[in-house]
Amino acid sequence: MHSFRYRDGHLYCEDVDLVHVAEQLGTPTYVYSAETILDHYARLDAALAPLDHLICYAVKANSNRAILKLLANAGAGFDIVSGGELYRVLAAGGDPAKCTFAGVGKSPEEIEYALEQRVCSFNVESEAELDHIDQIAGAKKTRAPIALRVNPDVDPHTHEYISTGSHQNKFGIALDRIGAIYEQAAKMRNVEIVGVQMHIGSQISEAKPFASAIGKVAPVVRELKLKYGIKFLSVGGGMGIIYQSALESGSGKWWHEHRSESFAFSVRDYAGAIVPPLRELDVRILVEPGRFLVGNGGVLLTHVRYIKKTDAKKFAIVDAGMNDLIRPALYQSYHEIVPVCRASAATDAGAEKVDIVGPVCESGDFFALDREMPELHEGDLLAIMSAGAYGFVMASNYNSRPLPGEALVRGDKFTLIRKRQTWEDLMRDEV
Ligand SMILES: *Cc1c(COP(=O)(O)O)cnc(C)c1O
């Protein structure tokens, strides 16, 4: 369930009118719903209740401290991919003992820091990395808890840039190599084998690939449990969300009160596919959702700055750009875009096709092409939906555009959780 709904012609986030947020904070601004994020967390937690489990939120999806704090308070652990993310998690009150450290290129400084903070596991992606971790832990006279990331070689049927579990990818260690590398790890004096990990990709829209991957890895888990007494299996993240509702296209309706479901497949289907095989393994199960928890918990508010008509096209040029939200440019992603005030912009008549583009000097700077929209005018306020994950975290200062602000809604209140940058901020670190 997400909490963005029309009420009296205005789009609300929980009990907050998004018009008010735009008036007070300006645009472009990201707005997140605490209720939505916590609802997603609670549903997944309940679905996994038959297992000894821990939800480790993938921080890279949205790393604002206020979001991390919400999830830490709900009991979440964290999947981190850098020292900076660990630093943020600690600042948000997260428990390092519930943190797993992933990523193919951990630096010596990051490994040292994570050892000092006593993360629960280093998820190791190569033999070279394993050697380094062993050496660094030795120098610090400690032992590093490790899990190897196994690449189960399944096709998750998702965009090639976000597919990670096939043998073509840089991620993980092949199934037929994994036993040998665990044997090496077992001989190392400064590492302790604690688990095994996998992650097959992102925005996966069916439960089946998860079940196939678990099927392939299960025999390995049994063997590792016998040999080394591993304590956990992490099945990774990657559960997909709904970006485009079936109702929308061609129906002449730009938003539908009924589309409040967030997930590409139901949490029950996911749990139904993975819980029974995992239960038999009798180890702790970690899951690492990012997008699933926060994706449909956020929108990007933007104003239409100009309308431009050419012989070929009508363009709505908005004040957000690809530097604020790069997903359409990077992954050809679809985001629903809706007018915040239905009264001013949307009637079922007046549908027209329009390109919704940003001000950045790149042809790739668009949010939607040939999108059927109600007639748009200068000054209209739009919400780019499903922008809670891989939105702000991928924002840049390209074209010397200050980073947008971020706000968090709880009930009928909203708070600024990150100020919009100023022009001075753009040069602050230059020497
Ligand atoms: C990115 C990532 C995740 C989260 O992916 P989502 O698709 O956002 O759920 C989880 N685990 C690892 C190792 C990742 O790299």
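Here is what the cut-offs are and how they apply
- Residues numbered from 1 in each chain as written.
- Predicted model: local features only at pLDDT ≥ 70, side-chain atom pairs only at ≥ 80, totals over all residues.
- Heavy atoms only, no water.
- Helix = DSSP H or I, 4+ residues; strand = E, 2+ residues; numbered from the N terminus.
- Rg over C-alpha atoms; globule rule 2.2 N^0.38 Å.
- Buried < 20%, exposed > 50% of the residue type's maximum accessible area, 1.4 Å probe, protein only.
- Areas by Shrake-Rupley, 256 points an atom, 1.4 Å probe, with all protein chains shown as cover.
- Lys, Arg positive; Asp, Glu negative; His and termini not counted.
- Charge placed at Lys NZ, Arg CZ, Asp CG, Glu CD.
- Phe/Tyr/Trp six-rings, centres within 6.5 Å; stacked < 30°, edge-to-face > 60°.
- Lys NZ or Arg CZ within 6 Å of the ring centre and 35° of its normal.
- Near = heavy atom within 4 Å.
- Polar contact = N/O pair within 3.5 Å; in protein donor to acceptor, adjacent residues only side chain to side chain.
- Nonpolar A, V, L, I, M, F, W, Y, C, P; charged D, E, K, R; others polar.
- Arc of directions from axis to C-beta.
- Contact = heavy atoms within 4.5 Å.
- Domains from an automatic or database assignment.
- Pairing = 2+ DSSP bridges.
- Axes fitted to C-alpha atoms, helices over the stretch in contact; angles between N-to-C directions.
- Parallel < 35°, antiparallel > 145°, perpendicular 65-115°, else oblique.
- Left-handed = near helix turned anticlockwise from the far one by under 90°.

### Focus: the overall build of the protein chain
Next up, step 1: Check the secondary structure of the protein chain and you find 13 helices and 21 strands.
Next up, step 2: For the protein chain, the C-alpha radius of gyration of 23 Å lies close to 22 Å, the compact-globule estimate for 431 residues.
Next up, step 3: Counting only C-alpha atoms and orienting by the principal axes, one finds that the protein chain spans roughly 70 × 55 × 40 Å.
Next up, step 4: Counting the 431 residues in the protein chain, one finds 56% classified as buried.
Next up, step 5: About 18300 Å² of surface is accessible on the protein chain, with carbon and sulfur atoms providing 50% of the total.
Next up, step 6: Computed over 46 positive and 56 negative side-chain charges, the separation of the two mean positions in the protein chain equals 4 Å.

### Structural notes on the packing of aromatic side chains
Next up, step 1: Going through the model one piece at a time under the given rule, you end up with nine aromatic pairs.
Next up, step 2: Aromatic side chains Tyr 30 and Phe 392 sit 6.1 Å apart centroid to centroid with 85° between the ring planes, which places their arrangement in the edge-to-face category. Here Tyr 30, found in strand β4 (residues 29-33), pairs with Phe 392, found in the loop between β19 (381-384) and β20 (405-410); they are 362 residues apart in sequence, far enough to count as distant.
Next up, step 3: Residue classification places Tyr 30 among the buried residues on the basis of a relative accessible area of 0%.
Next up, step 4: Note on Tyr 57 and Phe 78: the rings are 6.4 Å apart at their centroids and 75° apart in plane angle, and the pair reads as edge-to-face. Of this pair, Tyr 57 sits in strand β5 (residues 53-58) while Phe 78 sits in strand β6 (residues 77-80), placing them 21 residues apart in sequence.
Next up, step 5: Overall, Phe 78 belongs to the buried group, its relative accessible area being 0%.
Next up, step 6: What links up through ring pairs into an aromatic cluster is the set Tyr 30, Tyr 32 and Phe 392.
Next up, step 7: The lysine or arginine in question, Lys 106, covers the ring of Phe 101, its NZ or CZ lying 5.4 Å from the ring centre.
Next up, step 8: For the cation-ring pair, Arg 342 lies above Tyr 6, with the distance from its terminal atom to the ring centre recorded as 4.3 Å.

### Topic: the environment of Glu 35
Next up, step 1: Mapped onto the elements of the fold, Glu 35 is located in helix α2 (residues 34-47).
Next up, step 2: Between the C-alpha atoms of Glu 35 and Glu 14, which are 21 residues apart in sequence, the distance is 7.5 Å.

### Concerning unusual backbone geometry
Next up, step 1: Cis geometry marks the peptide bond from Thr 27 to Pro 28, where omega comes out at 0°.
Next up, step 2: Within the fold, Pro 28 resides in the loop between α1 (18-25) and β4.
Next up, step 3: For Lys 141, which is not a glycine, the phi torsion comes out positive at approximately 55°.
Next up, step 4: Assessed through its relative accessible area of 76%, Lys 141 is described here as exposed.
Next up, step 5: Residues other than glycine seldom take positive phi values, yet Asn 399 does so here, at roughly 65°.
Next up, step 6: Along the chain, Asn 399 turns up in the loop between β19 and β20.

### Focus on the environment of His 159
Next up, step 1: Mapping His 159 onto the fold places it in the loop between β9 (144-151) and β10 (173-174).
Next up, step 2: Taking the C-alpha atoms as reference points, His 159 and Lys 227, 68 residues apart in sequence, are found 37 Å from one another.

### Description of the site of the ligand
Next up, step 1: Close contacts around the ligand come from 14 residues, with Lys 60, Ser 202, Gly 238, Glu 288 and Tyr 390 the closest.
Next up, step 2: Within the backbone of Gly 290, one N or O atom sits 2.9 Å away from an oxygen atom of the ligand.
Next up, step 3: Across the complex, the protein chains shield 94% of the 390 Å² of accessible surface that the ligand would expose by itself.
Next up, step 4: Tallied by class, the residues present in the shell around the ligand amount to three nonpolar, six polar and five charged.

### Considerations on helix α7 (residues 175-187)
Next up, step 1: Along α7, the positions that sit buried rather than exposed are Ile 178, Ile 181, Tyr 182 and Ala 185. Looking straight down α7, one finds that the buried residues subtend no more than 110° of arc, so they occupy a single side. Opposite the buried face of α7, by more than 90 degrees, sit the exposed residues Asp 176 and Lys 187.
Next up, step 2: In the core, the buried residues of α7 are packed alongside α6 (127-139), β9, β10, β11 (191-197) and α8 (208-228).

### A few points about the domain arrangement of the protein chain
Next up, step 1: What the domain assignment reports for the protein chain is domain 1 (34-290) and domain 2 (296-420).
Next up, step 2: For domain 1 versus domain 2, the distance between C-alpha centres works out to 31 Å.

### Observations concerning the side chain of Asn 64
Next up, step 1: Relative to the helices and strands, Asn 64 resides in the loop between β5 and α3 (65-73).
Next up, step 2: Relative accessible area serves as the criterion here: at 10%, Asn 64 is assigned to the buried category.
Next up, step 3: Among the polar contacts made by the side chain of Asn 64, one reaches the main-chain amide nitrogen of Ala 66 at a distance of 2.8 Å.
Next up, step 4: Not counting the four nearest positions on each side in its chain, Asn 64 is found in contact with Arg 88, Glu 406, Ile 417 and Arg 418.

### Quick look at the pairing of strand β13 (residues 284-287)
Next up, step 1: Of the pairings in the sheet, the one linking β5 to β13 comprises three bridges and is parallel in character. Each bridged residue has a counterpart across the sheet, and for Ile 55 the counterpart in β13 is Val 287.

### Here we look at the packing of α7 against α8
Next up, step 1: Packing of α7 against α8 leaves a shortest axis separation of 11 Å and a crossing angle of 15°. Here α8 runs roughly parallel to α7, going by the angle between their axes. Crossing hand, α7 versus α8: right-handed. When α7 is examined against α8, the residues Leu 175, Ile 178, Tyr 182, Glu 183 and Ala 186 are found in contact with a partner set consisting of Lys 216, Val 220, Leu 224, Lys 227 and Tyr 228.
Next up, step 2: Per-class residue counts for the contact of α7 with α8 are seven nonpolar, no polar and three charged.

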